[in-house]
Amino acid sequence: MPASPEVLTAEAGAAGAGAAGARGRIGSVALVIGGIVSLQFGSSVAVLLFPRAGALGVVTLRLVVASLVLLIACRPRVRGHSRGDWGTVLAFGVALAGMNSLFYQAIDRIPLGAAVTLEFLGPLVLSVATSRRLLSLLWAALAFGGVALLGRAGFDGLNLVGAGCALAAGGLWAAYILLSARTGQRFPQADGLALAMTVAALLSLPLGIVSAGAALVDPVTLGLGAAVALMSSVLPYTLELLALRKLPASGFAVMMSLEPAAAATAGFLVLGQALGWPEIVAIGLVVVASVGAVRSAAR
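Counting restarts for each chain: residues are numbered from 1 in the order of the written sequence. The predicted nature of this model means local features are confined to residues of pLDDT at least 70 and side-chain atom pairs, given and counted, to a pLDDT of 80 or more, with totals for whole chains, interfaces and linings taken over all residues. Side-chain metrics rest on all non-hydrogen atoms present in the structure, leaving aside hydrogens and water.

Draft legend 1. Highlighting the packing of helix 3 (residues 112–119) against helix 6 (residues 160–186). Helix axes are fitted only over the stretch in contact, all axes being lines through C-alpha atoms; the angle between N-to-C directions runs from 0 to 180 degrees. Per the convention used, a helix needs a DSSP run of H or I reaching at least four residues, while a strand needs a run of E reaching at least two, with both numbered from the N terminus. Running from N to C, helix 3 and helix 6 point in directions that differ by 45°, and their axes come no closer than 7 Å. Classed by the angle they form, the pair helix 3 and helix 6 counts as oblique. As helix 3 runs across helix 6, the sense of the crossing is right-handed. The residues of helix 6 that touch helix 3, namely those facing Ala115, Leu118 and Glu119, are Ala163, Ala166, Leu167, Ala169, Gly170 and Trp173. Residues of the contact of helix 3 with helix 6, tallied by class, amount to seven nonpolar, one polar and one charged. Angles below 35 degrees are treated as roughly parallel, those above 145 as roughly antiparallel, those between 65 and 115 as roughly perpendicular, and all remaining angles as oblique. In this scheme the handedness of a crossing depends on how the near helix is turned from the far one: anticlockwise by less than a right angle means left-handed, clockwise means right-handed. Residue contacts are counted whenever heavy atoms from the two residues lie within 4.5 Å of one another. Each residue gets one label: Ala, Val, Leu, Ile, Met, Phe, Trp, Tyr, Cys and Pro are nonpolar, Asp, Glu, Lys and Arg are charged, and the others, such as Gly, are polar.

Structure, rendered in structure tokens:
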């Protein structure tokens, strides 16, 4: 018996909704990839800016410009918040300032791909620790094997200070993830992020002034610093917020595992930082371990 018009209409509507949902997910994936590419190429531009303002000066420019853009865009309300709310924002701001400062110290000393790979261990360890699955131990072993390979048997091929800064930045990245979630529960939309970014900018400002001095107000340096802020903070955060409206958090986390590979590509194209096969394999191991750990945690 042929289907009734109502059934045919419902089926057509369901098919259309499914197609729209698939297009929406594909669009969200494109947004995430765009954010990752923007972030890593922004980091490459930041390295080019180091001779002008130094690592701390570039961090200051990035955080100050990003905070101003977010404050203007979000116009966060500063009244009516509890002491716990402000404590969370302050901790979030400290994590942001420390994470960015340590990461820029790292990429000033070691290749961008290696720095991001080491930094990514922070979120990876957090994912493994929260999954409570035996399989997570395999992913952890795979990741640490990649790091050992990256370090060429004890980090002999990497600057120890740079590697240490990248690992410390990874620890603060894990703290950033936890504090970001807590801030999102306490503040509407991106208000908490705007306030935390302002705290981070204020914390970094004295260090940037002492380190870079008058270079911070040089027009060329200011312009490049603004570009770094837009590429490394404003644009990635905006694209991620848009993507998370239709992309599951677990899928988003898996895609973040592409960052080490994107960083290695940006370092090669912009900075000429060629990696050998051991480093490429090491980055691949960390990416695979990250994907596996996040998928295990999602299950």
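From this point on, the discussion continues.
Draft legend 2. Region of the structure containing the side chain of Asn100. The residue Asn100 is located in helix 2 (residues 83–107) in this model. Assessed through its relative accessible area of 5%, Asn100 is described here as buried. Look past the residues within four positions of Asn100 in its chain and what remains in contact with it is Val59, Arg62 and Leu63. Burial classification: accessible surface area is computed with a 1.4 Å probe over protein chains only, and a residue below 20% of its type maximum counts as buried, one above 50% as exposed, and the rest as partly exposed.

Draft legend 3. Highlighting a nonpolar patch on the surface. Think of a patch as exposed residues, more than 30% relative accessible area, with no salt bridge, where like charges cluster within 9 Å and nonpolar side chains (Val, Leu, Ile, Met, Phe, Trp, Tyr) cluster within 5 Å. Calculation of accessible area relied on Shrake-Rupley with a 1.4 Å probe; when residues are assessed, cover is drawn exclusively from the protein chains displayed. Whenever Lys or Arg places a side-chain nitrogen within 4 Å of a carboxyl oxygen from Asp or Glu, that contact is recorded as a salt bridge. On the surface, Ile33, Val37 and Leu258 cluster together to form a nonpolar patch covering roughly 220 Å² of accessible area. Among the structural elements, Val37 can be located in helix 1 (residues 5–74).

Draft legend 4. Seen up close, the confidence of the model for the protein chain. On average, residues of the protein chain score 79 in pLDDT, and 77% of them are at 70 or above. Known as pLDDT, the predictor's confidence for each residue is given on a scale from 0 to 100. Across the protein chain, helix 2 holds the top mean pLDDT of 92, while helix 9 (residues 249–256) sits lowest at 64. Counting interchain partners and residues more than four positions distant, the pLDDT-below-50 stretch residues 1–15 has one contact.

Draft legend 5. Seen up close, the nonpolar core. With 60 residues, the main nonpolar core has Phe50, Leu96, Phe103, Tyr104, Ile107 and Met197 as its most contacted residues. Non-local contacts of Ile107, meaning those with residues more than four positions away in its chain, are made with Ser43, Val47, Phe50, Leu112 and Ala115. Side-chain atoms within 4.5 Å link the members of a nonpolar core, which is a set of buried Ala, Val, Leu, Ile, Met, Phe, Trp, Tyr and Cys residues.

Draft legend 6. Quick look at the environment of Ala53. The topology assignment puts Ala53 in helix 1. With residues up to four places along the chain from it excluded, the contact list for Ala53 reads Val58, Ser211, Ala212, Ala215 and Thr221.

Draft legend 7. Representation of the pattern of salt bridges within the structure. One pass over the structure, following the stated rule, counts two salt bridges. A salt bridge links Asp218 to Arg52; its shortest N-O distance comes to 3.4 Å. Of the two residues, Asp218 sits in the loop between helix 7 (191–212) and helix 8 (219–243) while Arg52 sits in helix 1, which places them 166 residues apart along the sequence. A relative accessible area of 27% places Asp218 in the partly exposed class. Across the salt bridge formed by Arg186 and Asp85, the nearest N and O atoms sit 2.6 Å from each other. Separated by 101 residues along the polypeptide, Arg186 in helix 6 and Asp85 in helix 2 bring together distant segments of the chain.

Draft legend 8. Focus on the packing of aromatic side chains. Note on ring pairs: Phe, Tyr and Trp rings are taken, using the six-membered ring of Trp, and paired if centres are within 6.5 Å. Classes follow the plane angle, with under 30 degrees stacked, over 60 edge-to-face and the rest tilted. Tallying each qualifying case throughout the model produces three aromatic pairs. Through successive ring pairs, a cluster of aromatic residues spans Phe50, Phe103 and Tyr104.

Draft legend 9. Broad picture of helix 10 (residues 259–271). Here the expected span of a helix is defined as 1.5 Å times the quantity of residues minus one. The terminal C-alpha atoms of helix 10, which comprises 13 residues, lie 17 Å apart, in line with the 18 Å expected from a rise of 1.5 Å per residue. The complete set of buried residues in helix 10 reads Glu259, Pro260, Ala262, Ala263, Ala264, Ala266 and Gly267. Following helix 10 by one or two positions, Gly272 adopts a phi angle in the positive range, close to 70°.

Draft legend 10. Summary view of the side chain of Gln273. Tracing the chain through its elements places Gln273 in the loop between helix 10 and helix 11 (277–298). At 2.9 Å, the side chain of Gln273 forms a polar contact with the backbone nitrogen of Leu112. Aside from chain neighbours lying at most four places away, what touches Gln273 is Pro111, Leu112, Gly267 and Phe268. As used in this structure description, the phrase polar contact means that two N or O atoms lie within 3.5 Å; if the pair is within protein, one of them must be able to donate a hydrogen and the other to accept it, and residues adjacent in sequence are counted only when both atoms belong to side chains.

Draft legend 11. Representation of helix 6. The first and last C-alpha atoms of helix 6 sit 39 Å apart over 27 residues, in line with the 39 Å expected at 1.5 Å per residue. All of the buried residues in helix 6 are Gly162, Ala163, Cys165, Ala166, Ala169, Gly170, Trp173, Ala174, Tyr176, Leu179 and Thr183.

Draft legend 12. How the structure looks around the environment of Ala196. Within the secondary structure layout, Ala196 lies in helix 7. Taking the C-alpha atoms as reference points, Ala196 and Thr88, 108 residues apart in sequence, are found 8.7 Å from one another. Not counting residues within four places of it along the chain, the set of residues in contact with Ala196 comprises Val89, Phe92, Gly93 and Leu96.

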